[in-house]
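If you want the building blocks of each chain, they are given just below.
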Amino acid sequence: MYIELKGKTRRRKINKIRPFMLRSDLIYFSSSGFTLIELLVAIGIFLVVTAVTLANFPSFSNRLSLNLLAEDITLSVKQAQVFGSSVYGVKTSAGKTFDAVGVHFEAPLLPMAGERVLDYHYVFYADLNKNNAYNGTRANVRSTSVPRGDNLLAVGIACGSPTSSEECLEKYIINGPNKVLAVCPDYITASNASLSAEARIIDCKTRAVSSVDITFVRASLEANFGITQTLGSSPYSTAENVGIILGVPSVSGSIPRGSFQKAVVIWRTGLTSFEQ
């Protein structure tokens, strides 16, 4: 057997050539690469990391949705504070002006078996009646005249041109799995100040009221609370703060697996805080 030497014209006879082990003056072929065991180990590590990431993603997504909802509610309250304290007033279609605005929150109707929430929202309103309370269509109603005979939670509110019977300026639809679970007056008191955040959230849910209105009147930065104990009762305002509990609704009222609950606390001074 003959082989051509690199850079030379003469030929040399050799008896045996080992693959990839030629002399230094021959062309050298590299055999570097991954072995099968190394490849299997790399794939195994990738699968473990992927499994851990996918397992934690629902919890991460739910927590992110909860935090965003809490921030949206806080911004809506701050918007009402700015409008109520610094805006002179806006003329309505009836020629009236208002110098007080607020945000209306309601305790939701928990879905029964077979129900799903179509449209839950809270209301940004103009206090035309100057009673520190929202006058208008409820944000939560149970309707049975829907397709397929299901009981769904849905409502329609006409907003944008407030009247004395419908004070809605805007409605903020809450998308995503997290909703308003409960509203209560005096979320933090002297008697429960030493409790944990989880215990206070449970206590708030046991003392939940029908609705809470947070109104700001020009030119004060302080909040005026209108608390309605039950549907149709007269609102009262003796509270230093109100709590809005956020989370994923469930039929049993318990916390679904992988979800969290959070409290947005609005103080009479207009400040807000969070607990989770």
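Refer to the structure above for everything that follows.
Heads up: these notes are all about the structure in this document. One numbering rule holds for all chains: residues counted from 1, following each sequence as written. In keeping with the predicted nature of the model, local features appear solely for residues at pLDDT of at least 70, side-chain atom pairs appear and are counted solely at 80 or more, and the whole-chain, interface and lining totals rest on all residues. Calculated side-chain values reflect all of the structure's heavy atoms, with hydrogen atoms and water omitted.

Considering a nonpolar patch on the surface
Short version of the rule: Each patch is built from residues that are more than 30% exposed by relative accessible area and take part in no salt bridge. Like charges join if they lie within 9 Å; nonpolar side chains (Val, Leu, Ile, Met, Phe, Trp, Tyr) join within 5 Å. For accessible areas, the Shrake-Rupley method is used with a probe of radius 1.4 Å. Any residue's cover is judged against the shown protein chains and nothing else. What makes a salt bridge here is a side-chain nitrogen of Lys or Arg within 4 Å of a carboxyl oxygen of Asp or Glu, nothing more. Going along the chain from the N terminus, every DSSP run of H or I of four or more residues is numbered as a helix, and every run of E of two or more is numbered as a strand. For each residue, the accessible area found with a 1.4 Å probe, counting protein chains only, is set against the maximum for its type, and the residue is called buried under 20%, exposed over 50%, and partly exposed in between.
Together, Phe34, Leu39, Ile43, Phe46 and Leu47 line one region of the surface with nonpolar side chains, adding up to about 590 Å² of accessible area. Residue placement: leucine 39 occurs in helix H1 (residues 36–86). Classification of leucine 39 as partly exposed rests on a relative accessible area of 44%.

Focus: the packing of aromatic side chains
Selection rule: Here a pair means two rings of Phe, Tyr or Trp (six-membered ring of Trp) with centres within 6.5 Å. Their orientation is stacked below 30 degrees between planes, edge-to-face above 60, and tilted elsewhere. Here, a charge over a ring is recorded when the distance from Lys NZ or Arg CZ to the ring centre is within 6 Å and its angle to the ring normal is within 35 degrees.
Evaluated as defined, the whole model comprises five aromatic pairs. Grouped by ring-pair contacts, the aromatic residues Phe83, Phe105, Tyr122, Phe124 and Tyr172 constitute a single cluster. It is arginine 63 that lies over the ring of phenylalanine 260; its NZ or CZ is 3.9 Å from the centre. Here lysine 262 stacks its cationic end above the ring of phenylalanine 274, 5.0 Å away from the centre of that ring.

Observations regarding the side chain of asparagine 178
Spelled out, the test is: Nitrogen and oxygen atoms within 3.5 Å of one another constitute a polar contact, given that in protein one can donate a hydrogen and the other can accept it, and given that sequence-neighbouring residues count only through two side-chain atoms. By definition in these notes, contact holds between two residues if any of their heavy atoms fall within 4.5 Å.
Following the sequence through the fold, asparagine 178 ends up in the loop between strand S9 (168–173) and strand S10 (179–185). Polar side-chain contacts of asparagine 178 include one of 3.4 Å to the backbone oxygen of asparagine 62. A distance of 3.2 Å separates a polar atom in the side chain of asparagine 178 from a polar atom in the side chain of serine 65. If we ignore the near neighbours within four places in the chain, the residues touching asparagine 178 are Asn62, Ser65, Leu66, Leu69, Gly247, Val248 and Phe260.

Some thoughts on the pattern of salt bridges
Evaluated as defined, the whole model comprises two salt bridges. A salt bridge links arginine 200 to glutamate 275; its shortest N-O distance comes to 2.6 Å. Of this pair, arginine 200 sits in helix H2 (residues 197–206) while glutamate 275 sits in strand S15 (residues 272–275), and the two are 75 residues apart along the sequence. Each member of the pair arginine 200 and glutamate 275 is classed as buried. Where arginine 207 meets aspartate 203, a salt bridge forms, and the shortest distance between an N and an O atom there is 3.0 Å. Judged by relative accessible area, arginine 207 falls into the partly exposed class, the value being 28%. Aspartate 203 sits in the partly exposed class, given a relative accessible area of 24%.

Some points on H1
For an α-helix the count is 3.6 residues per turn, leaving residues at separations of three or four pointing the same way. Where we set the bar: To estimate how far a helix should extend, the number of its residues minus one is multiplied by 1.5 Å. Bend is the name given here to the angle between axes fitted to two runs of seven residues, the run ending at a residue and the run starting at it.
The first and last C-alpha atoms of H1 sit 71 Å apart over 51 residues, in line with the 75 Å expected at 1.5 Å per residue. Approximately 40 degrees is the largest bend angle found in H1, and it occurs at phenylalanine 57, with the proline proline 58 only one to four residues beyond.

Thoughts on the sheet that holds strand S11 (residues 211–217)
Defined as follows: Each pair of strands is called paired provided DSSP finds at least two bridges between the two strands. Every angle, taken between N-to-C directions, lies between 0 and 180 degrees, and every axis is a line fitted to C-alpha atoms, over only the stretch in contact when it is a helix.
Read across the open sheet, the five strands follow the order S9-S6-S5-S11-S12; overall the sheet is antiparallel. Strands with a single pairing partner mark the edges of an open sheet, and in this sheet they are S9 and strand S12 (224–228). Within this sheet the neighbouring strands show an average axis-to-axis angle of 20 degrees, counted without direction. Bridge analysis of strand S5 (residues 100–106) against S11 gives seven bridges, and the strand direction is antiparallel. From the neighbouring strand, alanine 100 faces S11, where its bridge partner is valine 217. Where H1 meets the sheet, it contacts S5, strand S6 (121–126), S9 and S11, and its direction lies at approximately 155 degrees from that of S5.

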